[in-house]
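As a plain string of letters, each chain reads:
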Amino acid sequence: MTEEKKDKRKKAKKSGPKRSERRFVPIASTNPWIVRGLGALGGLVLGAGLFAYFYATGEGHTFGPEATDKVKAIPSYLIAGGAVIMGICIWLGTSSESPIRVGDPGIAVEKGETRRMPWWLVEKITWQPGALALVVTGKDENLRDWTFKVPVASHPEAVGWIVSEAQRRIKKKVDIEKGVLKKLPAAAEHAGTKIDLEPLQVVGKKCAASGKTISYEPDARVCPQCERVYFKRSVPNKCKCGASIGHLRPSTVAAPEDVIEEEENEEDEREEEHEEEAAESEAKERASEDAET
Ligand SMILES: [Zn+2]
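Residues numbered from 1 in each chain as written. Predicted model: local features only at pLDDT ≥ 70, side-chain atom pairs only at ≥ 80, totals over all residues.

A. How the structure looks around the sheet that holds strand E6 (residues 133-139). Strand order in the open sheet made by the 4 strands is E7-E6-E5-E8, with mixed pairing throughout. Looking at the sheet topology across the chains shown, the edges are occupied by strand E7 (145-151) and strand E8 (174-175). Summarising the sheet, E6 and E7 pair through 7 bridges and their orientation is antiparallel. The partner of Thr137 across the bridge, within E7, is Thr147. (Pairing = 2+ DSSP bridges. Helix = DSSP H or I, 4+ residues; strand = E, 2+ residues; numbered from the N terminus.)

B. Structural detail: the packing of helix H2 (residues 32-54) against helix H3 (residues 69-93). Axis separation between H2 and H3 bottoms out at 7 Å; the angle between their running directions is 155°. What the angle tells us is that H2 and H3 run roughly antiparallel. H3 is crossed by H2, and the crossing has left-handed handedness. (Axes fitted to C-alpha atoms, helices over the stretch in contact; angles between N-to-C directions. Parallel < 35°, antiparallel > 145°, perpendicular 65-115°, else oblique. Left-handed = near helix turned anticlockwise from the far one by under 90°.)

C. Structural view of H3. Between its terminal C-alpha atoms H3 stretches 37 Å, which fits the 36 Å expected from 25 residues at 1.5 Å a residue. For H3, the principal kink sits at Pro75 and spans about 30°. Regarding H3, the residues found buried are Pro75, Leu78, Gly82 and Cys89. Lining the buried residues of H3 we find H2. (Expected span 1.5 Å × (residues − 1). Bend = angle between axes of the 7 residues up to and from the residue. Buried ≥ 20, exposed ≤ 12 C-beta atoms within 10 Å, placed from the backbone. Contact = placed C-beta atoms within 7 Å.)

D. Quick look at the sheet that holds strand E9 (residues 193-197). Here 5 strands make up an open sheet; going across it, the order is E4-E3-E2-E1-E9 and the pairing antiparallel. Because the sheet does not close on itself, it has two edges, and the strands there are strand E4 (113-117) and E9. Recorded for the sheet is a direction-independent mean angle of 25° between the axes of neighbouring strands. Across the sheet, helix H4 (residues 156-169) is in contact with strand E1 (19-24), strand E2 (100-103) and strand E3 (106-111); its angle to E2 comes to roughly 30°.

E. The arrangement of the environment of Pro151 in detail. Checked against the element boundaries, Pro151 lands in strand E7. Of the residues examined, Pro151 has 18 C-beta atoms within 10 Å and is grouped as partly exposed. For the pair Pro151 and Trp127, spaced 24 residues apart in sequence, the C-alpha separation works out to 9.7 Å. Here Pro151 is in contact with Glu97, Ala131, Leu132 and Ala133, once residues within four sequence places are set aside.

F. Here's a closer look at the pairing of E3. With 4 bridges connecting them, E2 and E3 associate as antiparallel partners. For Gly103, the partnering residue across the bridge sits in E3 and is Gly106. Alignment of E3 against E4, held across 5 bridges, turns out to be antiparallel. Its bridge partner being in E4, Ile107 is matched across the sheet by Met117.

G. Molecular detail of the nonpolar core. Ranked by size, the top nonpolar core spans 42 residues in total, and within it Leu134, Val150, Ala158, Ile162 and Val229 carry the most contacts. The set of elements that each furnish at least two residues to this core consists of E2, E3, strand E5 (122-128), E6, H4, strand E10 (220-222) and strand E11 (229-231). No other element matches the 6 residues that H4 contributes to this core. Here this core spans two domains, and each of domain 2 (100-197) and domain 3 (200-255) adds at least three residues to it. Leu134 has contacts with Ile125, Trp127, Lys149, Val150, Val159 and Ile162, leaving out every residue within four places of it along the chain. (Core = buried A, V, L, I, M, F, W, Y, C linked by C-beta atoms within 7 Å. Domains from an automatic or database assignment.)

Below is the structure:
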């Protein structure tokens with residue numbers, strides 16, 4: 001190998017593909033001006049009620065001893081009403097959803113600590129029409145089963161990014177009707193807050209092909225599409241996610257013999273579809289022939 005080539009390699013390794021993700025903060029589904037208006041109104045009513053209750057009940061005041069019982073009750077109603085309005089305001093103004101992160105490492109939910117589902121551990125992404133939410137099923141980084149929902153009302157941008165990233169990285173796991181997909185929000189270029197990340201921690205992870213535990217960082221190769229980790233000599237030509245990663249294997253090492261098959265064979269599926277179509281058209285032809293005779 002010439003010096004030039006070596007240099008190039010080093011550079012490629014150092015600059016490498018950078019990892020990043022986007023952080024999406026949930027939005028309250030209520031118009032913020034309604035929330036502000038309600039907050040102001042609640043404050044006024046509560047204040048008036050408290051004032052009337054504590055200061056305007058003396059002799060000669062509106063709610064004094066000579067007032068009728070009906071009038072005397074007004075301050076308590078004001079306080080109760082004001083409290084209720086404040087309660088509604090707080091309820092409308094806050095979202096119970098957690099911030100969501102979408103990017104190279106997968107999809108993460110910030111609930112207390114950040115729990116993350118790498119792309120390669122996503123089993124399926126579906127759409128729940130009743131809840132108007134994406135349902136993501138799979139395993140988290142600790143290989144525990146995990147299902148979470150991302151409602152489009154509080155997380156429109158995250159939904160857009162999850163769908164677009166998933167279609168690019170793990171298309172076969174996205175199980176959403178085309179009609180629904182069209183209606184979902186798009187992945188806006190400047191949505192969310194972009195966060196740059198450190199390279200994936202690979203030491204201690206198991207090679208997705210050989211099962212060997214990575215103990216020395218330079219031995220590892222990471223699929224840029226799904227972040228599966230491979231031992232450098234066991235890198236297959238094609239990752240289980242479908243990405244071509246043969247170039248990550250040292251050029252002196254031949255492709256491993258037991259090539260990993262993709263989890264589902266797309267071509268087979270297509271063939272099956274064609275066969276079904278052919279069978280259908282044949283049946284139609286026969287039916288029309290029968291009708292003619
Ligand atoms: Zn992959």
